[in-house]
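Okay, here's what each chain looks like letter by letter:
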Amino acid sequence: MDICSCEVQLLGAFNQAQLPPLPPLAGLFTMSISIYMLLLATKVWWGKKRSSASASASASALLNLASRSTNWTMSLGWWTLFAAGFLFFHGFAATETAPNYSFMHNAMSAPTLSYYDYIIVGGGTAGCPLAATLSQNATVLLLERGGSPYGNPNITKMTSFGSALSDLSRSSPSQRFISEDGVINARARVLGGGSCLNAGFYTRASTEYVKQAGWDGGLVNESYQWVEKLVAFEPPLGQWQSAVRDGLLEAGVLPFNGFSYDHIYGTKVGGTIFDQQGNRHTAADLLEYANPSGLTVYLHASVHKILFARKERKMPKARGVVFRDAKGAKHKAYLKKGLKNEIIISAGALGSPQLMMLSGVGPAQHLMSHNIRVVLDQPLVGQGMSDNPMNAVFIPSPIPVDVSLIQVVGITHFGSYIEAAGGENFAGGASSPSPRDYGMFSPEAIEETAFRGGFILEKVTGPISTGHLELRTRNPNENPSVTFNYFKDSRDLQRCVQGIQTIEKIVKSKAFAKFRYEFLSWAMLLNMTANAPLNLLPKHYNPSMPLEVFCKDTVMTIWHYHGGCQVGKVVDPDYRVVGVDSLRVIDGSTFNHSPGTNPQATVMMLGRYMGVKILRERVAN
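Keep in mind it's a predicted model, so treat the numbers as computed, not measured.

Engineer: Please clarify how the overall build of the chain should be interpreted in this entry.
Structural biologist: A tally of regular secondary structure across the chain gives 16 helices and 25 strands. In the chain, which comprises 621 residues, the proportion classed as buried is 62%. In the chain, once contacts between residues fewer than 6 apart in sequence are set aside, the share between residues at least 24 apart is 78%. Only carbon and sulfur atoms are counted for the fraction: they give 51% of the accessible area of the chain, which is about 21800 Å².

Engineer: Looking at this model, I keep getting lost on the UniProt feature "domain: Glucose-methanol-choline oxidoreductase N-terminal" (unreviewed entry) in the chain. Mind explaining?
Structural biologist: Taking the UniProt record as the reference, the feature "domain: Glucose-methanol-choline oxidoreductase N-terminal" (unreviewed entry) is found at residues 348-362. A distance of 16 Å separates the end C-alpha atoms of residues 348-362, which is 73% helix and 13% strand.

Engineer: Help me understand the side chain of glutamine 407 in this model?
Structural biologist: Looking at where glutamine 407 falls in the secondary structure, it is placed in the loop between β19 (390-396) and β20 (408-411). The buried category is assigned to glutamine 407, whose relative accessible area is 8%. The contact partners of glutamine 407, leaving out residues within four places of it in the chain, are Phe201, Pro235, Pro236, Leu237, Gly238, Gln241, Lys268, Val269, Gly270 and Ala420.

Engineer: I keep staring at the nonpolar core and nothing clicks. Help me out?
Structural biologist: Soluble globular proteins: nonpolar side chains tend toward being buried together. Leu287, Val321, Phe323 and Met356 are the most contacted members of the largest nonpolar core, which has 153 residues in total. Per element, the largest residue contribution to this core is 10 residues, and it comes from helix α16 (residues 600-620). Non-local contacts of phenylalanine 323, meaning those with residues more than four positions away in its chain, are made with Ala107, Ala110, Leu143, Tyr298, Ala301, Ser302, Val303, His304, Ala329, Lys330, His331 and Ala333. Among the nonpolar cores identified, the runner-up in size contains five residues, and Val190, Cys196, Leu197 and Trp559 belong to it.

Engineer: I tried to follow the pattern of salt bridges on my own but got confused; where do I start?
Structural biologist: Oppositely charged side chains are able to pair whenever their charged atoms sit close together. All told, the structure shown has 12 salt bridges when counted by the stated rule. Between glutamate 617 and arginine 576 there is a salt bridge, with its nearest N and O atoms 3.1 Å apart. Taken together, the positions of glutamate 617 in helix α16 and arginine 576 in the loop between α15 (547-553) and β25 (583-585) put the pair 41 residues apart, joining distant regions of the chain. Residue arginine 576 is classed as partly exposed on the basis of its relative accessible area of 26%. Salt bridges sharing partners connect three or more residues here, namely Glu342, Asp574, Arg576, Arg584, Lys613 and Glu617.

Engineer: Quick question: what am I supposed to make of the state of the cysteines here?
Structural biologist: For the structure shown, the criterion picks out one disulfide. The partner cysteine of cysteine 496 in its disulfide is cysteine 551, sulfur to sulfur 2.1 Å. Judged by the sign of its S-S torsion, about -95°, the cystine formed by cysteine 496 and cysteine 551 is left-handed. Pair noted here: cysteine 496 is in helix α13 (residues 490-507) and cysteine 551 is in helix α15, with a separation of 55 residues, a long-range link. Its relative accessible area of 0% is what places cysteine 496 among the buried residues. The cysteine cysteine 128 is free of any disulfide, with cysteine 196 supplying the nearest cysteine sulfur at 8.0 Å.

Engineer: I keep staring at helix α14 (residues 522-530) and nothing clicks. Help me out?
Structural biologist: An α-helix turns once every 3.6 residues. As a result, residues three or four positions apart point the same way. Counting buried positions along α14 yields eight of nine residues, so the element is predominantly enclosed. When α14 is considered as a whole, its buried residues turn out to be Trp522, Met524, Leu525, Leu526, Asn527, Met528, Thr529 and Ala530.

Engineer: Honestly, the sheet that holds strand β15 (residues 342-345) in this entry has me stumped. Any pointers?
Structural biologist: Hydrogen bonding along the main chain pairs the strands of a sheet, whether they run parallel or antiparallel. Sheet architecture is open: six strands sit in the order β1-β11-β4-β3-β15-β25, paired in parallel fashion. Across the chains shown, the open sheet's two edge strands, defined by having one partner strand only, are β1 (104-106) and β25. The average undirected angle you get between the axes of adjacent strands in this sheet is 20°. Where helix α5 (residues 127-134) meets the sheet, it contacts β3 (118-121), β4 (140-144), β11 (295-299) and β15, and its direction lies at approximately 170° from that of β3.

Engineer: Please clarify how the packing of helix α9 (residues 217-231) against α16 should be interpreted in this entry.
Structural biologist: Packing of α9 against α16 leaves a shortest axis separation of 8 Å and a crossing angle of 120°. What the angle tells us is that α9 and α16 run oblique. Crossing of α9 over α16 shows right-handed handedness. Within the contact between the two elements, α9 uses Leu219, Val220, Ser223, Tyr224, Trp226, Val227 and Val231 and α16 uses Ala601, Thr602, Met604, Met605, Arg608, Tyr609, Val612, Lys613 and Arg616. Taken together, the residues of the contact of α9 with α16 break down into 11 nonpolar, two polar and three charged.

Quick notes on the rules
Residues numbered from 1 in each chain as written. Predicted model: local features only at pLDDT ≥ 70, side-chain atom pairs only at ≥ 80, totals over all residues. Heavy atoms only, no water. Helix = DSSP H or I, 4+ residues; strand = E, 2+ residues; numbered from the N terminus. Buried < 20%, exposed > 50% of the residue type's maximum accessible area, 1.4 Å probe, protein only. Contact = heavy atoms within 4.5 Å. Areas by Shrake-Rupley, 256 points an atom, 1.4 Å probe, with all protein chains shown as cover. UniProt positions renumbered as here; feature names shortened; annotations may be inferred. Core = buried A, V, L, I, M, F, W, Y, C linked by side-chain atoms within 4.5 Å. Salt bridge = Lys/Arg side-chain N within 4 Å of Asp/Glu carboxyl O. Disulfide = S-S within 2.5 Å. Pairing = 2+ DSSP bridges. Axes fitted to C-alpha atoms, helices over the stretch in contact; angles between N-to-C directions. Parallel < 35°, antiparallel > 145°, perpendicular 65-115°, else oblique. Left-handed = near helix turned anticlockwise from the far one by under 90°. Nonpolar A, V, L, I, M, F, W, Y, C, P; charged D, E, K, R; others polar.

What follows is the structure, encoded as structure tokens:
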């Protein structure tokens, strides 16, 4: 088959293919269909890193894939392809060797009643550094609803990630949720939080963000450095990422700023939480800084409510928590006597506003509709929910693509961040019976020439569009209802369009030429992406339509959702809950906008930063 005839047939196959309805939600993989799901779709379609085949053979394989794509979607294929890629390139690995945390226990061993100076709800990206810091001069209880990221080979090694991805049990380190917008997403359920599930990209917030937040710049820098000593590394840059870097520069995303953790306009190589051996380092590793005699960590501890003292007080005072272990046994933990002792919620952008409402702090009418006793009528709890919209284009490659996570970023002046990933598919894991066995991630055998490629994504900064969160039930283990209102503000949509246009320039750049098929036009690449089941939204896009339609049809999450307990609305600048004594919220739910290109560095920094500030207040008094 020659290239020209293949191009015509390939375009026809993709245009004529009618994707069937998406499978029932019960059959969907628990994780978000995010851009990283695109990666495995790309990798399962294009990316087995083998010896190079001829362009004609590769084109034939692509055509064969296109003609069979409809049958794939009738099975688990499409969903598992996308889901698997999502978690592989967000990297479900953790440090291989578990640290000797003498303070970490299963909640079933917890006493029925206990007392501490500080009780932290949520052992995630903010909760772990916060607990480690506070333990230096106080007794701290850290309650995490999930398990440990250590010791499970399905989590600790990238090559075994497939087993973790297929885990739909309640002990899975992730919990799938679907927003009312129809975008599939996930929340963490593991010690270390989202740092155990993401793409590993490490980059700081901008200096302007720090100023607007009212943070102490000196302490912010010290706190970032404290984090970086244990979990941040410079990534090795391969050919794919180098081509994206040079393509960004050709596209005008200037200047080149080299390797940097800092948020600087232009193109740069950012940090990563993966070390040179490919092991992930998470917020849980920051517990190595803890004072073992001052910290108690309980895993599989689901907090059901905050307890308040209200008699003869001007405003309610948080005094304890009720949590249940894996067998459902009830435990109570109270604050010791002391004016500076506090309960701190660090349960994430979904978990923190959810727990506030379950405890009686939130919109009174909504709480009463769930028969929850109102402690404080606070209508702004659950408001201001935002998720940065992400859109991507996957690019099949005529040559093998080296494995890479998010390493290069283009920080534009128009409000979009450009990133990329690509490489070999490890879906079968190191123990696969044969290199061509892709297990649950491929519905049938595929020519090796089709296993090459990667994707380029754009993320809208901010965003400006916001939504809200509400309770569905009174069960803290069930997901609340959340609406993000993607692209409700037209400025977000325009940023997406400009981001996609920048991706086009990268794909057509001289630097990227060797990674693209000449016969695959830009319109074909967009159409292939638009026809993939990336979300639960109805499809409208075809190549004759404007990019605004493409952005709306293919919107996904990049896991950077935030809001619900925002500074200036629910908490004050010191993260104290307004109208309640002895209660703070410290995590991404307090953000009005997502910091930097990727928030995890700043969330970890915030945990350390506020821990230091709280201890300073404690010592001063």
